[in-house]
2 protein chains.
Amino acid sequence: MTDLDRIDRKILKALQADGRIANVDLAEKVGLSPTSTGDRVKRLLREGFIAGYGARLDPHRLGLGLLVFVEVSLDKTTPDVFEKFAEAVKRAPEVLECHMVAGGFDYLVKTRVADMAAYRHFLGEILLALPGVKETRTYAVMEEVKSDGMLPV
Amino acid sequence: MTDLDRIDRKILKALQADGRIANVDLAEKVGLSPTSTGDRVKRLLREGFIAGYGARLDPHRLGLGLLVFVEVSLDKTTPDVFEKFAEAVKRAPEVLECHMVAGGFDYLVKTRVADMAAYRHFLGEILLALPGVKETRTYAVMEEVKSDGMLPV
DNA sequence: GCCGTCGCCTTACTAAATTTGGCATTAGCA
DNA sequence: TGCTAATGCCAAATTTAGTAAGGCGACGGC
């Protein structure tokens, strides 16, 4: 129920790289009949290994040329700051990811915006406007060395 | 050639959320005929707005329960450190993302591993073994507040 | 030794994507 | 004005892919 064989892994790898690969092509790639391959894909979905499918959009093509990471520290004297912050962040479309971390600060935020002007606006009007935000440190990305986010299957 | 109308954005949004939606369903959702919708999707692909499709795998289901960010500082006295580091990072399957940033350190690395033991191994045997790595700061993620990475279309 | 389950296969059927052709609108131009 | 080309859309027909049904062989429990 939880362990995958060699073919399952090949399927996951292929689907992660190309979520729209035709079942017959996938079947040939993994060395199984289309029916069996389809059954396995359905099983991998049902058992939660595959959470869904999505189109990969090109941020630069969409005018989102600037990738920025922000370290956020919260004022922990006020109650509910964490919940409030988390809720606000979920609503902000500029925020692609937000993680609560253990270490020198509280949240690591990944955001994509058009340019520095847009980031300035986001930082000043949205992030710093949130109650409880004590301190932020901004790291603009100069080069995306690796950004596919492919899981090792 | 570069600007999208309301329907294009609806298509991108829908495909980003569900890359395998049937063309007829997508057509109904955006209010166009299946043929026109298909034409638009093909155009969005051709013009690079859609970079590709992929299955979203569940890292926890795959035994990758620990998400870690690492800030890496390089020893800039040696030449080629940046290139060498970038190449090595591209080869490491544990590394999901790696960005060169402007600020207090050089690279921000996002990695997923099974647990702390696996991270220790990755840090000691792989990251710190790379030539030119001067200093690292590790931030283990305690809670993934937002991690879909959906672009605002 | 028998029966149930599992994984896989082939065949047949159904549903989807793609292609073709046609219509209306718009823009450029003599 | 009248002609042409380009664009965006649609419906119908064709092709292609997904899905369901049924059968075969291997394995394990009883």
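In this text, all values refer to a predicted model and were calculated from it rather than measured experimentally. (Residues numbered from 1 in each chain as written. Chains lettered and ligands numbered in written order. Predicted model: local features only at pLDDT ≥ 70, side-chain atom pairs only at ≥ 80, totals over all residues. Heavy atoms only, no water.)

1. Considering the relation of the copies chain B and chain A
This is how the line gets drawn: The copies were overlaid by least squares, fitting only the C-alpha atoms of residues that reach a pLDDT of 70 or more in each copy.
At an RMSD of 0.0 Å, chain B and chain A line up after a rotation of 180° and a shift of 0.0 Å along the axis. Look at the turn and shift together and you get a two-fold axis relating the two. Looking at the rotation axis and the C-alpha trace of chain B, the residue lying nearest is Gly54(B), at 2.8 Å.

2. Description of the protein's contact with DNA strand C
Definition in use: If even one non-hydrogen atom of a residue comes within 4 Å of a molecule or strand, that residue is called near it. Residues adjacent in sequence count toward polar contacts only when both atoms are side-chain atoms; beyond that, a polar contact is any pair of N or O atoms within 3.5 Å, and within protein one must be able to donate a hydrogen and the other to accept it. We count a stretch as a helix when DSSP gives it H or I for four or more residues in a row; a strand needs E for two or more, and each element gets its number in order from the N terminus. Under the scheme applied, nonpolar residues are Ala, Val, Leu, Ile, Met, Phe, Trp, Tyr, Cys and Pro; charged residues are Asp, Glu, Lys and Arg; polar residues are all the others, including Gly.
Neighbouring DNA strand C are the residues Leu32(A), Ser33(A), Thr35(A), Ser36(A), Arg40(A), Ala22(B), Asn23(B), Val24(B), Thr35(B) and Lys42(B). One nitrogen or oxygen atom from the side chain of Thr35(A) is found 3.2 Å from a base oxygen belonging to DNA strand C. Between DNA strand C and the protein, one listed contact pairs a phosphate oxygen with a backbone N or O atom of Asn23(B) at 2.7 Å. Of all the elements in the fold, those that place two or more residues in the surface near DNA strand C are helix 3 (34-46) of chain A together with helix 2 (23-30) and helix 3 (34-46) of chain B. At three residues, helix 3 of chain A tops the list of elements feeding residues into the surface near DNA strand C. Here the surface near DNA strand C is built from residues that sort into three nonpolar, five polar and two charged.

3. A closer look at the UniProt feature "domain: HTH asnC-type" (unreviewed entry) in chain A
For clarity, the cut-off: UniProt positions are given in the numbering used here, feature names are shortened, and annotations may be inferred rather than shown by experiment.
In the numbering used here, UniProt assigns the feature "domain: HTH asnC-type" (unreviewed entry) to residues 4-65 of chain A. Secondary structure content for residues 4-65 of chain A is 53% helix and 13% strand, and the end C-alpha separation is 39 Å.

4. A word on the protein's contact with DNA strand D
Taken together, Ala22(A), Asn23(A), Val24(A), Thr35(A), Leu32(B), Ser33(B), Thr35(B), Ser36(B) and Arg40(B) make up the full set of residues near DNA strand D. Of all the elements in the fold, those that place two or more residues in the surface near DNA strand D are helix 2 (23-30) of chain A together with helix 3 of chain B. Ranked by residues supplied to the surface near DNA strand D, first place goes to helix 3 of chain B with three residues. Per-class residue counts for the surface near DNA strand D are three nonpolar, five polar and one charged.

5. A look at the domain arrangement of chain A
So the rule is basically this: These domain boundaries are the output of an automatic or database domain assignment.
Each domain of chain A was delimited in the assignment, giving domain 1 (6-46) and domain 2 (66-140). Summarising the inter-unit geometry, the C-alpha centres of domain 1 of chain A and domain 2 of chain A are found 39 Å apart.

6. Some words on the interface of chain B and chain A
Counted only if it meets this: Any two residues whose heavy atoms approach within 4.5 Å at even a single point are treated as in contact. Accessible-area loss on putting two parts together, using a 1.4 Å probe and summing over both, is the definition of buried area adopted here. For this analysis, a salt bridge means a side-chain nitrogen from Lys or Arg found within 4 Å of a carboxyl oxygen belonging to Asp or Glu.
In this complex, chain B contributes 66 residues to the contact, which on the side of chain A involves 66 residues. Each partner contributes to the roughly 5800 Å² buried at the junction of chain B and chain A, and carbon and sulfur atoms together form 60% of this total. Three residues, Arg20(B), Arg61(B) and Lys146(B), lead the burial of chain B against chain A; their summed loss comes to 14% of the area buried on that side. At the boundary of chain B with chain A, the tally comes to two salt bridges.

7. Re the pairing of strand 5 (residues 133-146) of chain B
Selection criterion: Here, a strand pair is defined by DSSP locating no fewer than two bridges between the strands.
Bridging between strand 3 (residues 95-102) of chain A and strand 5 of chain B involves five bridges; their strand directions are antiparallel. Bridging across to strand 5 of chain B, His99(A) finds its partner in Glu144(B).

8. Details of the packing of helix 1 (residues 6-17) of chain B against helix 2 of chain B
Residue and element names in this part refer to chain B. The test is simple: Only C-alpha atoms enter the line fits that serve as axes; for helices the fit covers just the stretch in contact. Angles between N-to-C directions range over 0 to 180 degrees. When an angle is under 35 degrees it counts as roughly parallel; over 145 it counts as roughly antiparallel; between 65 and 115 it counts as roughly perpendicular; any other value is oblique. The crossing is said to be left-handed when, going from far helix to near helix, the turn is anticlockwise and less than a right angle, and right-handed when the turn is clockwise.
Relative orientation of the contacting elements helix 1 and helix 2 amounts to 135°, with a least axis distance of 10 Å. Comparing their axes, helix 2 and helix 1 come out oblique. As helix 1 packs across helix 2, the resulting crossing turns out to be right-handed. Here Ile-7, Lys-10, Ile-11, Ala-14 and Leu-15 of helix 1 lie close against helix 2, whose contacting residues are Leu-26, Lys-29 and Val-30. A per-class count over the contact of helix 1 with helix 2 returns six nonpolar, no polar and two charged.

9. Points about the sheet that holds strand 2 (residues 66-74) of chain B
Taking strand neighbours around the barrel as the criterion, the eight strands line up as 2(A)-4(A)-3(A)-5(B)-2(B)-4(B)-3(B)-5(A) in a closed arrangement whose pairing is antiparallel. Neighbour-to-neighbour, the strand axes of the sheet open up by a mean angle of 35°, direction not taken into account. Note: strand 3 of chain A against strand 4 (residues 107-113) of chain A, five bridges, orientation antiparallel. Counted as the bridge partner of Glu97(A) is Lys110(A) from strand 4 of chain A. Running over the sheet, helix 4 (residues 81-91) of chain B touches strand 5 (133-146) of chain A together with strand 2, strand 3 (95-102), strand 4 (107-113) and strand 5 of chain B and is turned about 85° from strand 5 of chain A.

10. Regarding the layout of surface pockets
Defined as follows: Here the term cavity refers to a set of points on a 1 Å grid, laid over the protein atoms alone, in which a 1.4 Å probe fits but cannot get out; the term pocket refers to an open set having protein on both sides within 12 Å along at least five of seven lines, with lining residues being those that place an atom within 4 Å of a point. Grid points are joined across faces, edges and corners, and a volume is the space filled by probe spheres set on the points.
Of the voids in this model, the largest pocket is the one considered here, and its volume is about 1200 Å³. Forming the boundary of the largest pocket are 39 residues, of which Asp148(A), Gly149(A), Arg56(B), Asp148(B) and Gly149(B) lie nearest the centre. Among the elements of the structure, strand 1 (50-57), strand 3 and strand 4 of chain A together with strand 1 (50-57), strand 3 and strand 4 of chain B are those that each provide at least two residues to the lining of the largest pocket. Around the second largest pocket, the lining residues are Ala92(A), Pro93(A), Val95(A), Lys13(B), Gln16(B), Ala17(B), Lys146(B), Asp148(B), Met150(B), Leu151(B), Pro152(B) and Val153(B). A per-element tally of the lining of the second largest pocket places helix 1 of chain B first, with three residues. Grouping the constituent residues of the lining of the second largest pocket by class yields eight nonpolar, one polar and three charged.

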